[in-house]
Amino acid sequence: MHMISILRDGGLRARAAIALTLLGVLAGGIAPAPAAERYERGLLWRIEGKSAPASHVFGTIHLADPRVTNLPTAVVNELNRASSLTLEVKLDPGTILVLAKRMVYDDGRDLHGVAGPDLFAKAAAITAGLGLPEPLLRMFKPWAVALVLSAPQQDPSGVLDFVLARSAAEQGKPVHQLESLEEQIAVFEGMSESDQVVLLGQTVENYERMPAQIRRLVEAYLARDLASLWRISEESGGEGVEAKRLRAVFAHRLLEERNVRMAERSEARLREGGAFIAVGALHLYGDAGMLSLLEKRGWRVTRVY
């Protein structure tokens with residue numbers, strides 16, 4: 001019965017799905033900033049070369065803030081001209097059902113036993129107000145609760161990624177994805193259980209500061225300032241050996257590995273031409289970001305907006 005309740009809670013599932021791509025910014029920072037050089041400012045980039053019509057890469061922020069979803073003219077024009085849209089992952093009902101199942105224990109363990117009574121109590125005090133009472137909270141894995149707590153309360157259908165997808169669908173454009181939901185889940189499931197508990201602890205401790213962090217992130221995003229987005233994520237991570245170690249884990253799993261994967265998979269759409277590829281803005285930043293990786297693969301990259 002509890003599992004049925006979880007699976008029917010579309011709002012909870014949507015919060016967790018959005019947070020899969022937001023957690024890297026909000027839950028403790030990423031890693032020491034790479035050499036940014038060219039790729040520290042700008043959200044819309046033209047990608048040309050290899051005899052293909054021009055495509056565009058757009059940096060998103062996974063929020064429903066109207067200032068974010070009211071797209072600039074330059075972005076709207078290129079989206080309208082594009083022959084396809086590509087997102088990090090498509091979140092249809094089937095994939096969200098998979099996410100819901102993977103969020104909970106099925107081996108007899110529970111969060112209270114894994115995270116310990118103190119951290120569990122702190123998490124329960126927060127999640128009770130989010131529609132996840134203590135008896136249900138016990139079923140969830142640490143990484144899943146961290147995801148739920150990292151997504152701000154907002155209308156999931158108004159999140160920028162969903163807005164882009166609806167626009168493409170209304171225009172009859174095909175919508176592709178760069179990753180499967182399983183691959184995104186594996187970013188967290190592949191962490192050791194002890195690191196998942198540390199992640200949950202950091203997210204709980206950071207929860208009350210999150211609204212202020214989100215305000216700063218939105219301001220930096222609207223300024224098209226990728227370097228500031230990175231610095232804000234760093235400042236939210238805390239100090240100490242354990243915090244730095246977890247940032248290194250995140251750097252590898254959440255950005256570095258995924259940047260390589262997404263750059264490689266973007267090329268299929270880029271060779272078709274006319275692609276509009278939308279990924280989280282932090283994936284664009286720096287020498288290890290998608291834009292730099294595409295340039296190293298022989299594509300010409302030019303900032304548009």
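Here the structure is a predicted model, which is why all the values come from computation and not from measurement. (Residues numbered from 1 in each chain as written. Predicted model: local features only at pLDDT ≥ 70, side-chain atom pairs only at ≥ 80, totals over all residues. Heavy atoms only, no water.)

> I'm lost on helix H4 (residues 73–81) in this one. Help?
Note: α-helices contain 3.6 residues per turn, so residues at a spacing of three or four share the same orientation. When we look at burial in H4, the residues that qualify are Val75, Glu78 and Leu79. On an axial view of H4, the arc spanned by its buried residues comes to 100 degrees, and they lie on one face. Among the exposed residues of H4, those oriented more than 90 degrees off its buried face are Thr73 and Arg81. On its buried face, H4 is in contact with strand E1 (44–49), strand E2 (52–60), strand E3 (84–87), helix H10 (160–170) and strand E5 (275–280). (Buried < 20%, exposed > 50% of the residue type's maximum accessible area, 1.4 Å probe, protein only. Helix = DSSP H or I, 4+ residues; strand = E, 2+ residues; numbered from the N terminus. Arc of directions from axis to C-beta. Contact = heavy atoms within 4.5 Å.)

> Which parts of the structure should I look at to understand the side chain of Thr203?
Relative to the helices and strands, Thr203 resides in helix H12 (residues 193–206). A residue is classified by how much of its surface remains accessible, and Thr203, at 2% relative accessible area, is buried. One polar contact links the side chain of Thr203 to the main-chain carbonyl oxygen of Leu199, over a distance of 2.8 Å. (Polar contact = N/O pair within 3.5 Å; in protein donor to acceptor, adjacent residues only side chain to side chain.)

> Would you explain the confidence of the model for the protein chain in this entry?
Any region with low pLDDT has predicted coordinates that should not be read closely. The predicted model of the protein chain averages 87 in pLDDT, with 87% of residues at 70 or higher. This stretch, residues 1–10, has a pLDDT under 50; its non-local contacts, to residues over four places away or in other chains, come to 16 contacts. Here residues 23–36 is modelled with pLDDT under 50, and outside its nearest four sequence neighbours on either side it reaches 62 contacts, counting other chains as well. (pLDDT = per-residue confidence, 0-100.)

> Looking at this structure, I do not really get the pairing of E5. What am I missing?
Regular strands place their side chains on alternate faces of the sheet. Along E5, six of the six residues are buried, which leaves the element largely enclosed by surrounding structure. Note: E2 against E5, five bridges, orientation parallel. Paired with His56 across the strands is Phe276, a residue of E5. (Pairing = 2+ DSSP bridges.)

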